Amino acid sequence: MIAALVSITANLAADIAAILLNPRLRTGKTMAEIDITLAPAEQKRPRPLALWRQMPLSFRIGSVILAIHLFVAVTGPFWARYGYSQMGAGPPLSGMSLAHPFGIDQLSRDVFSRVVHGSHIVILLALSGTLLGLVLGSIIGLLSGYVGGWVDEAVQRVLEALISIPFLVLALIAIAAAGTDYSGNPVLIVLVVALVYAPRIARMARAAAIDIATRDYVTVARLRGESAWSVMLRELLPNATGVLLVEFALRAGYAPVLIGSLGFLGFGLRPPTPEWGLMISENRSLLIIAPSTVLGPGLALASLVVGLNLFTEGLARVLGRTVKLGNQ
Amino acid sequence: MVENRQVLVKVTDLTVSYRQGSGWHQVVDGVDFEIARGEVFGLVGESGCGKSTVALQLLGYRHAAMRTDRGSVDLEGVGILKLGRLALNALRGNTVSYVPQNPTTALSPGMRAGEQIGECLAAHHYGDAAACLARTTELFGLVGLPEAPDFARRFPHQLSGGQQQRVCIAMALACDPKLVVLDEPTTGLDVTTQEQIVELLVDLRERLAMSMLYVTHDLGLLSQLADRIGVMYAGRMVEVAPAADLFADPKHPYTQGLIGAIPRIDDVTQQPSRPLRGLLQRQSLPKGCPFAPRCDAAQPRCFDEVQDLKPCGAARMAACWRVDEIEPPLALTQGDPSRRPAAVDSLLNIDAVSIAYGHGKRRFQALRNVSLDVRKGETVALVGESGSGKSTLARAIAGLVEPVSGSIRLQGRGLAAKVKARTSEQRRLIQFVFQNPDASLNPRAAVRTALSRPFDFYFPDRASEAGGRVISTLADVRLDQAYARRYPDQLSGGERQRVAIARALIAEPALLLCDEILSALDVSVQASILALLQRLKTERGIAMLFISHDLAVVRMLADRVSVLFRGDVVESGSCAQVFSAPFHPYTHALLEAVPVPRKRRRRGTGRRAETSSSPAGCAYAGRCAWQIGAICETDAPPWRTADGGLAIRCHHSLDELHHRATWPGDFATPT
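Conventions adopted
Residues numbered from 1 in each chain as written. Chains lettered and ligands numbered in written order. Predicted model: local features only at pLDDT ≥ 70, side-chain atom pairs only at ≥ 80, totals over all residues. Helix = DSSP H or I, 4+ residues; strand = E, 2+ residues; numbered from the N terminus. Buried ≥ 20, exposed ≤ 12 C-beta atoms within 10 Å, placed from the backbone. Contact = placed C-beta atoms within 7 Å. Axes fitted to C-alpha atoms, helices over the stretch in contact; angles between N-to-C directions. Parallel < 35°, antiparallel > 145°, perpendicular 65-115°, else oblique. Left-handed = near helix turned anticlockwise from the far one by under 90°. Nonpolar A, V, L, I, M, F, W, Y, C, P; charged D, E, K, R; others polar. Pairing = 2+ DSSP bridges. Core = buried A, V, L, I, M, F, W, Y, C linked by C-beta atoms within 7 Å. Expected span 1.5 Å × (residues − 1). pLDDT = per-residue confidence, 0-100.

Let's talk about the overall build of chain B
Here is step 1 of the chain: Helix and strand counts for chain B stand at 24 helices and 24 strands.
Here is step 2 of the chain: Scored against the burial criterion, the 671 residues of chain B give a buried share of 50%.
Here is step 3 of the chain: Residue pairs in contact within chain B that sit at least 24 positions apart in sequence constitute 67% of those at least 6 positions apart.

Let's talk about the overall build of chain A
Here is step 1 of the chain: Within chain A, the secondary structure is distributed over 11 helices and zero strands.
Here is step 2 of the chain: Each helix (α) and strand (β) of chain A, taken in turn from the N terminus, gives the series α-α-α-α-α-α-α-α-α-α-α.
Here is step 3 of the chain: A burial count over chain A gives 41% of its 328 residues as buried.
Here is step 4 of the chain: Within chain A, counting contacts between residues at least 6 apart in sequence, those at least 24 apart form 68% of the total.

Overview of the packing of helix H3 (residues 57–79) of chain A against helix H4 (residues 111–147) of chain A
All names here are of chain A.
Here is step 1 of the chain: Interaxial distance between H3 and H4 falls to 8 Å at its minimum, and their mutual angle equals 120 degrees. On the basis of their axis angle, the class for H3 and H4 is oblique. Helix-helix and strand crossings are classified by hand; for H3 and H4 the assignment is left-handed. Residues His69, Val72, Ala73, Gly76 and Pro77 of H3 touch H4, and the partners they reach there are Val116, His117, Ser119, His120 and Ile123.
Here is step 2 of the chain: In terms of residue class, the contact of H3 with H4 is built from five nonpolar, five polar and no charged.

A short note on the sheet that holds strand E1 (residues 7–20) of chain B
Residue and element names in this part refer to chain B.
Here is step 1 of the chain: Taken together, the four strands give an open sheet; going across it, the order is E2-E1-E4-E5, and neighbouring strands pair in antiparallel fashion. Here the strands that pair on one side only, and so sit at the sheet edges, are strand E2 (23–36) and strand E5 (78–79).
Here is step 2 of the chain: Direction of pairing for E1 relative to E2: antiparallel, over a ladder of 10 bridges. Looking at E2, one finds that Val11 is bridged to Phe33.

Considerations on the nonpolar core
Here is step 1 of the chain: Counting residues in each nonpolar core, the largest one holds 265 residues, and the members touching the most others are B:Leu213, B:Leu511, B:Leu513 and B:Leu545.
Here is step 2 of the chain: Counting residues per element, this core draws most heavily on H4(A), at 18 residues.
Here is step 3 of the chain: Excluding anything up to four places from it in sequence, B:Leu511 contacts B:Leu347, B:Leu348, B:Val374, B:Leu429, B:Ile430, B:Ala543 and B:Leu545.

Regarding helix H6 (residues 167–178) of chain A
Two residues of an α-helix separated by three or four positions point the same way, owing to the 3.6 residues in each turn.
Here is step 1 of the chain: A rise of 1.5 Å per residue sets the reference length of H6(A), with its 12 residues, at 16 Å; its end C-alpha atoms lie 17 Å apart and thus fit the reference within 8%.
Here is step 2 of the chain: Just downstream of H6(A), A:Gly179 is the residue with a positive phi angle, here 100 degrees.

Notes on helix H8 (residues 216–224) of chain A
All names here are of chain A.
Here is step 1 of the chain: Burial analysis of H8 places nine of its nine residues in the buried class, the great majority of the element.
Here is step 2 of the chain: Among the residues of H8, Asp216, Tyr217, Val218, Thr219, Val220, Ala221, Arg222, Leu223 and Arg224 are the ones counted as buried.
Here is step 3 of the chain: Two residues or fewer after H8 comes Gly225, characterised by a positive phi angle close to 90 degrees.

With respect to the pairing of strand E6 (residues 96–99) of chain B
Residue and element names in this part refer to chain B.
Here is step 1 of the chain: The alternating pattern of E6 places Val96 and Tyr98 and Ser97 and Val99 on opposite faces, both of which are buried.
Here is step 2 of the chain: Sheet analysis places E6 next to strand E7 (residues 179–183), joined by four bridges and oriented parallel. Bridge assignment links Tyr98 to a residue of E7, and that residue is Val181.

Side note on the sheet that holds strand E13 (residues 346–357) of chain B
Here is step 1 of the chain: Strand order in the open sheet made by the four strands is E14-E13-E16-E17 (chain B), with antiparallel pairing throughout. Only two strands of the sheet have a single partner each, and these edge strands are strand E14 (364–375) and strand E17 (413–414) of chain B.

Comments concerning the pairing of E13(B)
All names here are of chain B.
Here is step 1 of the chain: Where E13 lies against E14, eight bridges are found, and the strand directions are antiparallel. In the strand pairing of E14, Asn349 is matched with Asp373.
Here is step 2 of the chain: Counted between consecutive antiparallel strands, the loop separating E13 from E14 contains six residues, among which Gly358 sits at a positive phi close to 75 degrees.

Quick look at the packing of H4(A) against helix H5 (residues 149–164) of chain A
All names here are of chain A.
Here is step 1 of the chain: The geometry of H4 relative to H5 is characterised by a closest axis approach of 7 Å and an angle of 140 degrees between their N-to-C directions. By crossing handedness, the relation of H4 to H5 is classed as left-handed. Listed contacts from H5 to Ile140, Ser144, Gly145 and Val147 of H4 are Gly149, Val151, Asp152, Val155 and Gln156.
Here is step 2 of the chain: Each residue belonging to the contact of H4 with H5 can be placed in one class, and the counts come to four nonpolar, four polar and one charged.

Topic: the environment of B:Leu654
All names here are of chain B.
Here is step 1 of the chain: By the element assignment, Leu654 lies in helix H24 (residues 654–660).
Here is step 2 of the chain: Exposure remark for Leu654: the 15 C-beta atoms within 10 Å place this residue in the partly exposed category.
Here is step 3 of the chain: Sequence spacing of Leu654 and Ala642 is 12 residues, and the spatial spacing of their C-alpha atoms is 8.1 Å.
Here is step 4 of the chain: Here Leu654 is in contact with Pro582, Arg640, Ala642 and Ile648, once residues within four sequence places are set aside.

Considering unusual backbone geometry
Residues and elements named next belong to chain B.
Here is step 1 of the chain: The backbone of Ala234 sits at a positive phi, close to 50 degrees, despite the residue not being glycine.
Here is step 2 of the chain: Within the element layout of this structure, Ala234 appears in the loop between strand E9 (228–233) and strand E10 (236–242).
Here is step 3 of the chain: Phi at Glu508 is positive, roughly 50 degrees, even though this residue is not glycine.
Here is step 4 of the chain: Mapped onto the secondary structure, Glu508 falls in the loop between helix H18 (493–505) and strand E19 (511–515).
Here is step 5 of the chain: Owing to 17 C-beta atoms within 10 Å, Glu508 belongs among the partly exposed residues under this scheme.

Side note on the confidence of the model for chain B
All names here are of chain B.
Here is step 1 of the chain: Mean pLDDT over chain B: 81, with 89% of residues reaching 70 or higher.
Here is step 2 of the chain: Looking at the elements of chain B, mean pLDDT is at its lowest for helix H23 (residues 630–634), recorded as 79, and at its highest for strand E18 (residues 430–433), recorded as 92.
Here is step 3 of the chain: In this model, residues 331–339 is a region of pLDDT below 50 whose contacts with residues beyond four sequence positions or in other chains number 12 contacts.
Here is step 4 of the chain: Considering only residues more than four positions removed or in separate chains, one finds that residues 603–609, a stretch of pLDDT under 50, has 10 contacts.

Observations regarding the environment of B:Pro454
Here is step 1 of the chain: Structurally, B:Pro454 is set in helix H16 (residues 447–458).
Here is step 2 of the chain: Separated by 370 residues in sequence, B:Pro454 and B:Gly84 place their C-alpha atoms 57 Å apart.
Here is step 3 of the chain: Residue contacts for B:Pro454: discarding those within four places in its chain leaves A:Arg224, B:Arg503, B:Ile506 and B:Ala507.

Listed below in structure tokens is the structure:
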């Protein structure tokens, strides 16, 4: 399990490193020792700045947005003007102003500071929950699609059963099963998000695996006698990253909402935790009187989701390694 | 050609660029040529030379990532490149029509064959429904398809590849165009179907007197069909000449290389393929002649001075300033060093293997009682058209398909049917090289990873050698070690196939299963891979089971040949025996179908009829030109054997078969 997590993360990290240190941009200078040996075409290596410009626009915009979010999440608690539960920041429900960009909530707390404080919670819980779901779902889906036969049938029926339960109900059942002691425990929330997403991601992964498993390079690996696990890690996973990344970005956008809904029902994080989904739920009734209290966390969430989507879409395109026209 | 030729199409200084990243990349550079009425003009070159781009310009094709920088295409005084969309719609299909490369994707899968042609007629206001239907029937007759109405009601998937291409051709002919543009129309078809399509085109040209532009990478094919040939290299026209002159006396060094690279089935004494050096690398073209980096006769001046087409001799032009000095390189004669007597040690025995797919009514017998031996270091070729079961046999040997009956033994020990049940050693000794190098390499694994994984897997205790072995194996397939860092999308088709071969070699196999490994490659790349295989064979003594439909290649490489037809072995023997009389009627038909430069086409080999479905008789009955009569349909033919291991399965006696053989026939003597 941990090995798989490490391997998948390492895979992604290696991909990103591969983009940055793109081998196609290195020069293969060595002329052949044997004159028949083909020397690769000379290719010039552009400067890092030029490399950045070659990246798809979506990748560039997405990574800038994500960098800002990450910066806020890490450093926010140190420079936010108010604490997340600090009351008396100003007159309750007063609108946007320079001092309070997202206004003041019912309890006279500064919404902007709460959003800043909540940033790391969202990124930690929502992203790690989705990431765990992605890892589990990918492993189950890819293996099931590659192995096929009755194993695949059995796994698919279980997944279908899980998917058929509405996700909020499934989450509540899981939390209830864990017992009241663990209610509001961040680890439990991560596990619940993973449980809700893993079956859905597994379906996508299985479809990708069935497609990839027909390629000749998978046949070569099978002829070599590689185990299903090894085929999955070496052949299927790297070629499914495009699909899986897009799936990850989409799911990660809904995760804060799911966590917020759980909190609103009293099963998730408890107030005054400044989780964005929870803030949106809390202040929903004030939407007409003080829209900025919902708008603040809403905008923050939206920009994170858009950033994630742009980033992963661009990443999938870079990783796609499509043959360029000039080399046709 | 005709005395006073009327020019139909005149292409002048055509220059086309494609968008690439933020810039534009020129793919066609100042191409000039003209096509006369009733003339077949062949356009030939390696993939990526811009020949398809030129062909599409004759139809005024444009899209957002493409622009025409200069030049004009004049069709009877109309500048096609300046026409608006509506005028182009009226022109396309009506005056100029197009036959695409792949008929499977060119026909709409949800539309009946007849309707597709009717649609084209209706778009050009041919007439009412009844007139369209009558014309459709007429066209089907014209291209040699059944005229029966129920045939026109078939969907594309109910037609064979050859029939699909005939429908495409019928569609192109529907409105009596003045010019038909054919873009590699036979590349995806097997050799007998290809022969029939070429025959159809020759016949149509004579009957309809229309002009054709025939785009292909197969020079041998053009020699059968074209009046004049234009050779393109890196977006430029390097030579234009009448077909006969081009083959007899190629002027441009590139044309010489291209003709030299064609494997010749008619002449084994000549060193068959002289590979063109290197590859077309469009990123690093010199300022002057684009061919200079690969040219044996290049001089410093070539790299700096642009070469334009200049007349050289009657009605021909070449873009090389040294045209008069360069002699075609002398053919290197060699006395078959590769064909040494094979060892007697048997490596692989296949005994009466039968394979069937599906169950019940849909059961399809892919192989029937096939027996085959491969000795150590020997190359055995399996020949046959698509659907003959040759790939199925290779897959059974590899352990991907389970035989219904029969046994396969490797080095005397039985091989389990499933690859999982075999020992690691057995799996290592048999390595598979696939047809399509694009699909056989993991696009996300660098060459180093792709090669070191099998080595680590098979030799876990020699892990420290892996890096060195990768480099030495790359050198074995003549790739520089800098390739280890590359990913498959950074490699050309030929380089990918070399890496795929290297991946098989690094496992130190005893038997290499090569499934059509050359058919996806350009002719010059084919020649260099072929040279590589020949070298591996002599140096390493690796046995090969070489599956191919290309008989010229088989003749150069194989020690022994087995001919398969619909799952039956119909002839087997040593390479020399199979390629000389007596022939099995099917082998004979295959050989006749091979296009050979300087050989004019013989007529009338007849159309491919459906074969009998009776399991008792000869599988080839019904298509056989030498059929005796009912006995072929009802009785299984006997094996007729001769000295030296030749075995032919036919009701005719060997003497009779010998008597009937007309191949190799009258090759024109090379000049």
